[in-house]
Amino acid sequence: MRVAGLTDLACTIDGTPLIGDGASLRCGHGHSFDRARDGYWNLVVVQHKASSDPGDSKEMVTARRRFLNTGLYSPIAAHVFETVRDLAVSTRRADGDARAFTIADAGCGEGYYLQRLVELAAQSSDTAALRLAGFDVSKWAVQAAAKRRANDGAPLPVRWLVANNRRPPFAAQSIDLMLCLFGFPVWEGFRAAQAQGGAVLLIDPGPDHLIELRRIIYPDVTQTEPQSIERAAASGYWLVRTETVRFSIELETREAVQDLVAMTPHAHRMPEAGRMALAAIDRLLVTVDVVARLLTLD
Ligand SMILES: C[S@@+](CC[C@H](N)C(=O)[O-])C[C@H]1O[C@@H](n2cnc3c(N)ncnc32)[C@H](O)[C@@H]1O
Ligand SMILES: [Zn+2]
């Protein structure tokens with residue numbers, strides 16, 4: 001597959017196209033955004049910020065990066081790639097190969113899944129063309145993502161953006177597939193960037209996700225359902241497929257245990273007794289149980 005960075009960006013204030021040279025992007029109304037040193041673009045404007053440092057903190061980003069780089073979650077990355085390949089191939093057939101398949105990773109974090117997507121696409125013999133963007137409201141996450149490099153040291157063919165799921169910074173109807181992996185979908189925002197037939201791949205924790213860890217942290221562990229998608233229908237999205245990706249991972253160091261917890265909401269929620277119990281663990285077999293739902297826009 002051929003892979004390139006996504007080029008059609010829109011101003012997050014008024015939605016008009018952003019045109020640019022290498023150093024800044026500008027819309028027709030004079031809003032201007034500068035390229036950061038690491039090569040990403042910060043498109044969040046101060047009046048849209050709910051806090052001065054939104055999204056994941058630098059520490060959370062670092063823990064996630066260390067953990068995901070171990071490759072323990074690679075079956076999830078493989079599921080993302082297979083979904084992309086199937087959709088890109090069927091869309092290309094419908095379009096007679098007229099244009100590239102556009103993908104935006106909403107809440108991309110520090111970029112692990114897009115990097116794996118680039119690598120797996122490069123190994124694929126399929127001829128579809130992909131255009132990729134990753135955006136996240138955390139500047140720390142996007143900064144880390146923009147520092148990712150391919151094996152040959154080149155920057156990844158991905159457009160990295162600081163932006164909010166409420167206002168995905170893309171031209172109307174331009175995104176074929178929105179990825180939302182362990183994220184916070186904003187259906188109205190996604191719809192603004194997608195045309196009829198556009199898809200969202202939503203990956204969330206399933207009932208048994210990290211159950212062994214949760215049994216250590218909490219006195220009572222309940223099975224929890226993946227987040228509700230009730231609000232998707234109001235924006236025109238329909239569930240077309242639900243799949244479970246389930247496997248076991250062996251955490252072999254205290255650092256791996258701590259990093260995995262730091263990636264989850266339990267890091268903030270866990271009681272002191274749970275924190276202490278966890279600190280004593282340096283080896284654990286853990287169930288990964290995630291639910292992958294594919295929705296399309298009618
Ligand atoms: C649990 S992390 C998952 C990151 C990545 N998708 C992964 O699976 O490794 C959730 C991410 O969503 C980002 N986030 C939270 N609210 C957001 C919003 N409204 N718009 C965009 N990103 C958001 C956070 O900064 C964080 O990086
Ligand atoms: Zn503008």
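Shown above is the structure to which this text applies.
Bear in mind the structure is a predicted one, so any value in this text is a computation, not a measurement. (Residues numbered from 1 in each chain as written. Chains lettered and ligands numbered in written order. Predicted model: local features only at pLDDT ≥ 70, side-chain atom pairs only at ≥ 80, totals over all residues. Heavy atoms only, no water.)

Draft legend 1. Structural context of the overall build of the protein. Looking only at helices and strands, the protein has 10 helices and 12 strands in total. In summary, the protein has a C-alpha radius of gyration of 19 Å against a globular reference of 19 Å for 298 residues, a match within 12%. Reported as C-alpha extents along the three principal axes, the dimensions of the protein are approximately 55 × 45 × 40 Å. The buried share of the protein, taken over its 298 residues, is 50%. Within the protein, residue pairs in contact and separated by at least 24 positions form 73% of the contacts whose partners lie at least 6 positions apart. (Helix = DSSP H or I, 4+ residues; strand = E, 2+ residues; numbered from the N terminus. Rg over C-alpha atoms; globule rule 2.2 N^0.38 Å. Buried < 20%, exposed > 50% of the residue type's maximum accessible area, 1.4 Å probe, protein only. Contact = heavy atoms within 4.5 Å.)

Draft legend 2. Geometry of the packing of aromatic side chains. One pass over the full model with this rule turns up 7 aromatic pairs. With a centroid separation of 5.0 Å and 80 degrees between ring planes, the pair formed by Tyr112 and Tyr113 is classed as edge-to-face. On the accessibility criterion, Tyr113 (9% relative accessible area) is buried. Residues Trp187 and Phe190 carry aromatic rings whose centres are separated by 6.0 Å and whose planes lie at 75 degrees to one another, so their mutual orientation is edge-to-face. (Phe/Tyr/Trp six-rings, centres within 6.5 Å; stacked < 30°, edge-to-face > 60°.)

Draft legend 3. How the structure looks around helix α4 (residues 139-146). Taken across its 8 residues, α4 has 6 buried, putting it largely inside the fold. The complete set of buried residues in α4 reads Ala141, Val142, Gln143, Ala144, Ala145 and Ala146. The elements touched by buried residues of α4 are α1 (58-68), β7 (129-136) and β8 (159-162).

Draft legend 4. Here's a closer look at the side chain of Ser138. With respect to the helices, strands and loops of the structure, Ser138 is situated in the loop between β7 and α4. From its side chain, Ser138 meets the backbone oxygen of Asp56 in a polar contact 2.8 Å long. (Polar contact = N/O pair within 3.5 Å; in protein donor to acceptor, adjacent residues only side chain to side chain.)

Draft legend 5. Spatial organisation of the pattern of salt bridges. For the coordinates displayed, the defined rule picks out 17 salt bridges. One salt bridge in this structure joins Glu243 and Arg241, with 2.9 Å as the shortest N-O distance. Take Glu243: its relative accessible area is 31%, and that puts it in the partly exposed class. Classification of Arg241 as partly exposed rests on a relative accessible area of 29%. Note that Asp289 and Arg246 form a salt bridge whose closest N and O atoms lie 3.9 Å from each other. Residue Asp289 is located in strand β12 (residues 284-297), and its partner Arg246 is located in strand β11 (residues 237-251); the two are separated by 43 residues in the primary sequence. (Salt bridge = Lys/Arg side-chain N within 4 Å of Asp/Glu carboxyl O.)

Draft legend 6. Structural view of the coordination of the zinc ion (ligand 2). Distances from the zinc ion (ligand 2) to its protein donors, Cys11 (SG), Asp14 (OD), Cys27 (SG) and His31 (ND1), fall at 2.1 to 2.3 Å. Note that the zinc ion (ligand 2) binds 4 donor atoms; their angles at the metal cover 89 to 124 degrees, and the shape is tetrahedral. When the donor residues of the zinc ion (ligand 2) are listed from N- to C-terminus, their spacing reads C-x2-D-x12-C-x3-H. By relative accessible area, which is 6% here, Cys27 ends up buried. Owing to a relative accessible area of 24%, His31 belongs among the partly exposed residues under this scheme. (Donors = N, O, S within 2.8 Å, 3.2 Å for Na, K, Ca; no water. Tetrahedral: all angles 85-135°; square planar, octahedral: opposite > 155°, others 65-115°.)

Draft legend 7. Layout of the nonpolar core. Of all hydrophobic cores here, the largest spans 62 residues; its most connected members are Tyr73, Ile103, Leu130, Trp160, Leu177, Ile249 and Leu260. Apart from residues lying up to four places away in sequence, Leu177 is in contact with Val84, Leu87, Phe101, Thr102, Ile103, Ala104, Gln194, Ala199, Val200 and Leu201. Membership of the second largest hydrophobic core comes to 30 residues, among which are Leu18, Ile175, Ala193 and Ala232. (Core = buried A, V, L, I, M, F, W, Y, C linked by side-chain atoms within 4.5 Å.)

Interpretation note: all reported values are geometric properties and have no functional meaning in isolation.
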